[in-house]
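This is what each chain is made of:
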Amino acid sequence: MSDLEPPELPKDFTFRVDASDGAARTGAITMPRGKIRTPAFMPVGTAATVKAMYPGQVRDLGADVVLGNTYHLMLRPGPERMARLGGLHRFMNWPHPILTDSGGFQVMSLSALRKLDEQGVTFRSHVDGSTHHMSPERSIEIQGMLGSDIQMQLDECVRLPADHATIEKAMHLSLRWAERCRIQFGEQPGKAMFGIVQGGDVPALRVESARALVDLDLKGYAIGGLAVGEPQGVMLAMIETVAPHLPADKPRYLMGVGTPDDLMRSVARGIDMFDCVMPTRAGRHGLAYTRHGRINLRNARHGEDTRPLDEASSCPAARDYSRAYLHHLVRSDEILGMMLLTWNNLSYYQDLMAGMRAAIAQGRLSDFCDETRAAWAKAEAERAA
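Definitions and cut-offs
Residues numbered from 1 in each chain as written. Predicted model: local features only at pLDDT ≥ 70, side-chain atom pairs only at ≥ 80, totals over all residues. Heavy atoms only, no water. UniProt positions renumbered as here; feature names shortened; annotations may be inferred. Helix = DSSP H or I, 4+ residues; strand = E, 2+ residues; numbered from the N terminus. Contact = heavy atoms within 4.5 Å. Buried < 20%, exposed > 50% of the residue type's maximum accessible area, 1.4 Å probe, protein only. Axes fitted to C-alpha atoms, helices over the stretch in contact; angles between N-to-C directions. Parallel < 35°, antiparallel > 145°, perpendicular 65-115°, else oblique. Left-handed = near helix turned anticlockwise from the far one by under 90°. Nonpolar A, V, L, I, M, F, W, Y, C, P; charged D, E, K, R; others polar. Polar contact = N/O pair within 3.5 Å; in protein donor to acceptor, adjacent residues only side chain to side chain. Patch = residues over 30% accessible without salt bridge, like charges linked within 9 Å, V, L, I, M, F, W, Y side chains within 5 Å. Areas by Shrake-Rupley, 256 points an atom, 1.4 Å probe, with all protein chains shown as cover. Salt bridge = Lys/Arg side-chain N within 4 Å of Asp/Glu carboxyl O. Pairing = 2+ DSSP bridges.

- Under an unreviewed UniProt entry, the protein chain has the name Queuine tRNA-ribosyltransferase and belongs to Methylobacterium adhaesivum.
- Regarding the protein chain, the UniProt comment filed under Sequence similarities (unreviewed entry) reads as follows: "Belongs to the queuine tRNA-ribosyltransferase family."

Below you can see the structure in the form of structure tokens.
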């Protein structure tokens, strides 16, 4: 057995709910590469790396799964090369579960020149201008060459606000692509393909999308096309619209979300999985997420502050370095500042998820969320005084 493969692993992809509290639930996804405790936050490893972090650090913080980006990895180093090198797990030294997105969102948002039709999307690389074609079948083929454990269907993601006709057209195209992805994926023991519910901010379209995807009997379902410019209230309303139409015995994944408050409100509405670049991107730009709320280390007020970000944290980045030092690193554009704040932020996100899992099991998620928000508000009031 390879030293990258944990022993005594299940042979199939399964999901169980161990406890619930209202609509919120805690449980686990199991698969040959390991267990994902839910609700789960997946750090984003866009180009086979969680930026500014060692893989071992990410794991030690409590992450059970990371996300890889199909669009970026297909452009470099390329799926064929990745397959020759033994797959994404071996390539990035992450022997645990990996979820890959389909590449659709990046094709829509990063490629200046693209042509969309029934067959797929033709686009020019943002790296070197080369032309590529991504069909539903090619997306699943690429994710298979990467060795992904959870593969996402190719979909068309519409940025909000958008008119009804545009949203409806994209939703129906995404459904047709989901069927093609399901056929291409076939039967892969121990792995899963998730469908993506689209429909923008139109409840009837969201319900239609969810019901059609459920008919495909997939192993999990994502809610996509949110966190693309709409207010939080719209996002939460769409979750409330969609969740009752998804199977209770399958995981639910909210794509690209979000802030700590987004996570708590979405978990309370029955979401099991999340990913977002926010904690890593914020860390590279001087912003820390903590029990005391968000702290902008660029602010001059931290220049002589000897306190750590969080003296009670188990993360050395939060506990062992003064705010004054972190302020100096950030203002000096030192790489260590980006590393420490990214470490802190991912630690906070994983601690928040662990806290919610425990609170759901104890039947006190609402209290946990109220206490967390109260701590943020108290610290913010103290900083403003």
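1. A word on the UniProt feature "binding site: substrate" (unreviewed entry) in the protein chain
Line of reasoning, step 1. Per the UniProt record, "binding site: substrate" (unreviewed entry) is found at Asp101, Ser102, Gly103, Gly104, Phe105, Asp155, Gln198 and Gly225.
Line of reasoning, step 2. With respect to the helices, strands and loops of the structure, serine 102 is situated in the loop between β7 (98-100) and α5 (104-110).
Line of reasoning, step 3. Not counting residues up to four positions away in its chain, the partners in contact with serine 102 are Thr70, Met134, Ser139, Gln143, Met152, Gln153, Leu154 and Asp155.
Line of reasoning, step 4. Looking at where aspartate 155 falls in the secondary structure, it is placed in the loop between β11 (150-152) and α7 (164-185).
Line of reasoning, step 5. The class for aspartate 155 is buried, based on a relative accessible area of 6%.

2. Observations concerning unusual backbone geometry
Line of reasoning, step 1. Note the cis peptide between threonine 38 and proline 39, where omega equals 0°.
Line of reasoning, step 2. Residue placement: proline 39 occurs in the loop between β3 (34-38) and β4 (40-42).
Line of reasoning, step 3. Omega for the peptide link from leucine 160 to proline 161 comes to 0°, which places this bond in the cis form.
Line of reasoning, step 4. Here proline 161 is to be found in the loop between β11 and α7.
Line of reasoning, step 5. A positive phi is found at aspartate 333, a non-glycine position, where the angle reads about 55°.
Line of reasoning, step 6. Mapped onto the elements, aspartate 333 comes out in the loop between α13 (323-331) and α14 (335-362).

3. A closer look at the packing of helix α10 (residues 260-267) against α14
Line of reasoning, step 1. Contact geometry of α10 with α14 gives a least axis separation of 11 Å together with a crossing angle of 25°. What the angle tells us is that α10 and α14 run roughly parallel. Relative to α14, α10 is oriented so that their crossing is right-handed. Note on element contacts: α14 touches α10 through Tyr348, Tyr349, Leu352, Met353, Met356 and Ile360, opposite Pro260, Leu263, Met264 and Val267.
Line of reasoning, step 2. Looking at side-chain class alone, the contact of α10 with α14 contains ten nonpolar, no polar and no charged residues.

4. Digging into the environment of threonine 122
Line of reasoning, step 1. With respect to the helices and strands, the residue threonine 122 is situated in strand β9 (residues 120-124).
Line of reasoning, step 2. Distance from threonine 122 to serine 135, taken between C-alpha atoms, is 8.5 Å for residues 13 residues apart in sequence.
Line of reasoning, step 3. The residues contacting threonine 122, other than those within four sequence positions of it, are Leu113, Arg114, Lys115, Thr131, His132 and His133.
Line of reasoning, step 4. In terms of polar contacts, threonine 122 uses its side chain to reach the side chain of histidine 133, at 3.0 Å.

5. Digging into a nonpolar patch on the surface
Line of reasoning, step 1. Among the surface-exposed residues, Tyr54, Tyr325, Ile335, Leu336 and Met339 lie close enough to one another that they form a single nonpolar patch of about 480 Å² accessible area.
Line of reasoning, step 2. With three residues, the top contributor of residues to the nonpolar patch is α14.
Line of reasoning, step 3. Mapped onto the elements of the fold, tyrosine 325 is located in helix α13.
Line of reasoning, step 4. We classify tyrosine 325 as partly exposed; its relative accessible area is 32%.

6. Here's the deal with the sheet that holds β3
Line of reasoning, step 1. Judged by pairing direction, the sheet is antiparallel, and its three strands sit side by side in the order β1-β2-β3 without closing on themselves. Two strands lie at the open edges of the sheet, namely β1 (14-21) and β3, each paired on one side alone. The average angle at which neighbouring strand axes cross in this sheet is 15°, direction not considered.
Line of reasoning, step 2. Bridge count for strand β2 (residues 24-31) against β3 is five bridges, and the pairing is antiparallel. Along β3, the bridge assignment pairs glycine 27 with threonine 38.

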